[in-house]
Amino acid sequence: MSYIWLFFLFASLVCGLLTDQVSGLSGAAMQGAQQGVELCLSLCGALCLWSGAARVMKKSGLTQKLSRVLSPFLSRIFPETCRDAEARGYLCANITANLLGLGSAATPMGVSCVRRMQTLSQTPARAGNEMCRLIVMNTASVQLLPTTVAALRASLGAGSPFEILPAVWVSSVCSVSVGLLAAMALEDAA
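Let us look at the structure shown here. Remember, predicted model here, so these are calculated numbers, not experimental data. Sequence order as written defines the numbering, with residues in each chain counted from 1. This being a predicted model, a pLDDT of at least 70 is required before a residue's local features are given, and a value of 80 or more before pairs of side-chain atoms are given or counted; all residues contribute to the totals for chains, interfaces and linings. Hydrogens are left out, water is left out, and the side-chain values use all remaining heavy atoms of the structure.

**Brief notes about the packing of aromatic side chains**
Thought 1: Each Phe, Tyr or Trp ring (for Trp, its six-membered ring) is paired with any other whose centre lies within 6.5 Å, and the angle between the two planes then decides the class: stacked below 30 degrees, edge-to-face above 60, tilted in between. Under the counting rule described, the total for this entry stands at 2 aromatic pairs.
Thought 2: Ring plane angle 55 degrees and centroid distance 5.9 Å describe the contact between F7 and F8, whose orientation is recorded as tilted.
Thought 3: Only protein chains enter the area calculation, which uses a 1.4 Å probe; residues under 20% of their type maximum are buried, those over 50% are exposed, and those in between are partly exposed. Under the relative-accessibility criterion, F7 is labelled exposed at 53%.
Thought 4: Site record: aromatic cluster; members linked through ring pairs are W5, F7 and F8.

Written out as structure tokens, the structure is:
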């Protein structure tokens, strides 16, 4: 990937030299860097807020209650993982964070769940079927509230950042469904 970015950088520099636009190129590079930092800072606030909310949920026991609510659904997809309370807690926290649209906040919980799954596995050197399903669900993630995307839209001046909800719901349910079907279909092939 770094070679691709290096190629783009080199190509833009060559094009800037050939068209005598080096000053415009350097101005655009500085402006892009500034906008990148501003975007990171605006997303950081929303991420910190929801990560804090996730921690409060865990400390207050809400995660455990949510785990009980989600267990009937999750135990069908992750039967072995749901037998272990610690793994089920990580799994439910990951799914909850994804439902809230907190992809970055969900990642540490997903990693902890995969590590626990690996500990429980009889073949820890190989990704099991449930690990693959979790990775599919974590990557595609059904989002009820796409808070990160809404924060991004709000920072860029969108009048109503949550107007994308129906499209997000349909596309995320479709992507998770297709991903899970593919993962389950390929289980027997492995």
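**A word on the nonpolar core**
Thought 1: By size, the foremost hydrophobic cluster in this structure holds 15 residues, and its most contacted members are L74, F78, L91, I95, M117, L134 and M137.
Thought 2: Runs of H or I in DSSP of at least four residues are treated as helices and runs of E of at least two as strands, each being numbered from the N terminus. Of all the secondary-structure elements, those providing two or more residues to this core are helix 3 (62–77), helix 4 (85–99), helix 5 (103–120), helix 6 (129–140) and helix 8 (165–187).
Thought 3: Contact between two residues is taken to exist if any of their heavy atoms lie within 4.5 Å; hydrogens are not considered. Leaving out residues up to four positions away in the same chain, L74 has contacts with P79, C82, L91, C92 and I95.
Thought 4: Put simply, buried Ala, Val, Leu, Ile, Met, Phe, Trp, Tyr and Cys residues joined by side-chain atoms within 4.5 Å make one nonpolar core. In this structure, A93, A97, A106 and M109 belong to the second largest nonpolar core, which totals 6 residues.

**Quick look at the environment of V114**
Thought 1: Here V114 is to be found in helix 5.
Thought 2: Considering only alpha carbons, one finds V114 and C132, 18 residues apart in sequence, at a separation of 9.5 Å.
Thought 3: With residues near it in sequence (within four places) discarded, V114 still touches M131 and L134.

**Describing the pattern of salt bridges**
Thought 1: By definition, a salt bridge exists where a carboxyl oxygen of Asp or Glu is found within 4 Å of a side-chain nitrogen of Lys or Arg. Under the definition given, this model contains 4 salt bridges.
Thought 2: Close ionic contact of R116 with E86 constitutes a salt bridge, the shortest N to O distance being 3.6 Å. Placement of the pair is R116 in helix 5 and E86 in helix 4, with a sequence separation of 30 residues.
Thought 3: E86 sits in the partly exposed class, given a relative accessible area of 41%.
Thought 4: Linking R153 and E163 is a salt bridge whose minimum nitrogen-to-oxygen distance equals 3.1 Å. You can see R153 sitting in helix 7 (residues 147–155) and its partner E163 sitting in the loop between helix 7 and helix 8, a full 10 residues away along the chain.
Thought 5: A relative accessible area of 23% places R153 in the partly exposed class.
Thought 6: Look at E163 and you get exposed, because its relative accessible area is 55%.
Thought 7: Through salt bridges with shared partners, a single ionic network connects D84, E86 and R116.

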